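# Descriptive analysis of the structure
Spelled out from the first residue to the last, the chains are:
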Amino acid sequence: MAGSLLRHKQPPLLSLLRANPKPGSQEGLRKCAQPLTFRSATSGVVVDRSAKFWDKIAERYSKQPIADEAAYQKKLQVTRGYFRPDMEVLEFGCGTGSTAITHAPYVKHILAIDISSKMIEIAQGKADAEDIENIAFQRSTIDAFSVPDGSLDAVLGLSILHLLDNKERVINKVRKMLKPGGFFVTSTACLGDSMKYFKFVAPIGTFLSLLPLVKVFTTSELVASLTEAGFEIDYQWQPRKDAAVFIVAKKAQ
Ligand SMILES: C[S@@+](CC[C@H](N)C(=O)[O-])C[C@H]1O[C@@H](n2cnc3c(N)ncnc32)[C@H](O)[C@@H]1O
């Protein structure tokens, strides 16, 4: 699962993850994790730290190879199966833009946002180099971003729901932004399935700026968040037990 923590790329953090968690030390970790929860009350600080973290690793991230190319290609293909040429699409947490750029030829327009200005800079450079016109990159958090309700055909949130302070709030926002029958494509590391102890490790890693904000939940908790928000699960796939969970959820007509 650690491999899918930061996406389908092999993260440099693995050594950190491997270094820290020994089952015996959970109690110690639990004790020192407490003070860190205070941070959620000051979301401004969380956002700044998060943006700084992603700005710092953007260059390295853009050079990282895709860990499971076959799984990535399958996710692209399944997503394209839902696209039509007249569709308006949003991708949030677009990173260096590879996926948005790949999907652009299959839809009318893609707006891709990210908290990191460095990621957006790299993404814009790629789109300019390929002369892609129906794509726009914008620096924004998903919380600060807004479009009129019911104005989007599709929303992509790839390798990001586990990095958000409050995924339910964002899932509800996505449902509002979608037209009836619109769909939400996600690929998410559900660390609660096999790395529950990470709940104690992550706040320390975030506090030390070694990790971004990471939330630990299970696949069934993610599915419950989507269905409770009014989505129907239309497609669900997990390449391997320890891989990210790929879901296409539809907003009822
Ligand atoms: C693991 S990367 C995934 C990037 C891309 N979707 C991919 O699959 O490679 C997570 C991305 O989400 C961005 N991000 C983190 N928190 C965010 C937020 N609250 N709003 C928008 N983007 C955010 C980060 O800057 C980073 O580019």
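Below you will find a few notes about this structure. Please read all numbers here as calculations on a predicted model, not as lab measurements.

### Description of empty space enclosed by the protein
Throughout the structure, instances matching the rule amount to two cavities of 30 Å³ or more. Counted as a void, the largest cavity has a volume near 100 Å³. Listing elements by their share of the lining of the largest cavity, those giving two or more residues are helix H5 (69–80), helix H6 (98–103) and strand S5 (178–188). Sorting elements by how many residues they give to the lining of the largest cavity places H5 first, with four residues. In terms of residue class, the lining of the largest cavity is built from five nonpolar, six polar and one charged.

### Overview of a nonpolar patch on the surface
Where nonpolar side chains cluster on the molecular surface, the patch consists of Phe-207, Leu-208 and Leu-210 and spans about 290 Å² of accessible area. As for its position among the elements, Leu-210 is in the loop between helix H9 (198–207) and helix H10 (219–228). Of the residues examined, Leu-210 reaches a relative accessible area of 36% and is grouped as partly exposed.

### As for the packing of helix H8 (residues 167–177) against H10
Their axes nearest at 9 Å, the elements H8 and H10 cross at an angle of 40 degrees. Put simply, H8 runs oblique to H10. Crossing of H8 against H10: the hand is right-handed. Residue-level contacts link Lys-167, Glu-168 and Ile-171 of H8 to Leu-222, Ser-225 and Leu-226 of H10. Partitioning the contact of H8 with H10 into residue classes produces three nonpolar, one polar and two charged.

Criteria and cut-off values
Within each chain, residue numbers correspond to sequence positions counted from 1 in written order. Whole-chain, interface and lining totals are the exception, using all residues; otherwise, since this is a predicted model, local features are given only for residues with pLDDT of at least 70 and side-chain atom pairs are given and counted only at 80 or more. Calculation of side-chain values draws on the structure's entire complement of heavy atoms; hydrogens and water are dropped beforehand. Grid spacing is 1 Å over the protein atoms alone, the probe is 1.4 Å, and a cavity is where that probe fits but cannot get out, while a pocket is an open set with protein on both sides within 12 Å along at least five of seven lines and lining residues have an atom within 4 Å of a point. Grid points are joined across faces, edges and corners, and a volume is the space filled by probe spheres set on the points. A run of DSSP states H or I qualifies as a helix once it reaches four residues; a run of E qualifies as a strand once it reaches two. Both are numbered from the N-terminal end. Under this grouping Gly is polar, as are all residues other than the nonpolar Ala, Val, Leu, Ile, Met, Phe, Trp, Tyr, Cys and Pro and the charged Asp, Glu, Lys and Arg. What goes into a patch is any residue over 30% in relative accessible area without a salt bridge, connected to like charges within 9 Å or, for nonpolar side chains (Val, Leu, Ile, Met, Phe, Trp, Tyr), within 5 Å. Accessible surface area values rest on a Shrake-Rupley calculation with a 1.4 Å probe, where residue burial reflects the displayed protein chains alone. The term salt bridge refers to a pairing of a side-chain nitrogen on Lys or Arg with a carboxyl oxygen on Asp or Glu at a separation within 4 Å. Buried, partly exposed and exposed residues are distinguished by accessible area as a fraction of the type maximum, computed with a 1.4 Å probe on protein chains only: under 20%, between the cut-offs, and over 50%, respectively. Only the contacting stretch of a helix is used when fitting its axis, a line to C-alpha atoms as for every element, and angles between N-to-C directions run 0 to 180 degrees. Our angle categories are set so that under 35 degrees counts as roughly parallel, over 145 as roughly antiparallel, 65 to 115 as roughly perpendicular, and the remainder as oblique. Working rule for handedness: look at the near helix, and if it is turned counterclockwise from the far one by less than a right angle, call the crossing left-handed; if clockwise, right-handed. We call two residues contacting when some pair of their heavy atoms lies within 4.5 Å.

Any link to function would need more than the numbers given here.
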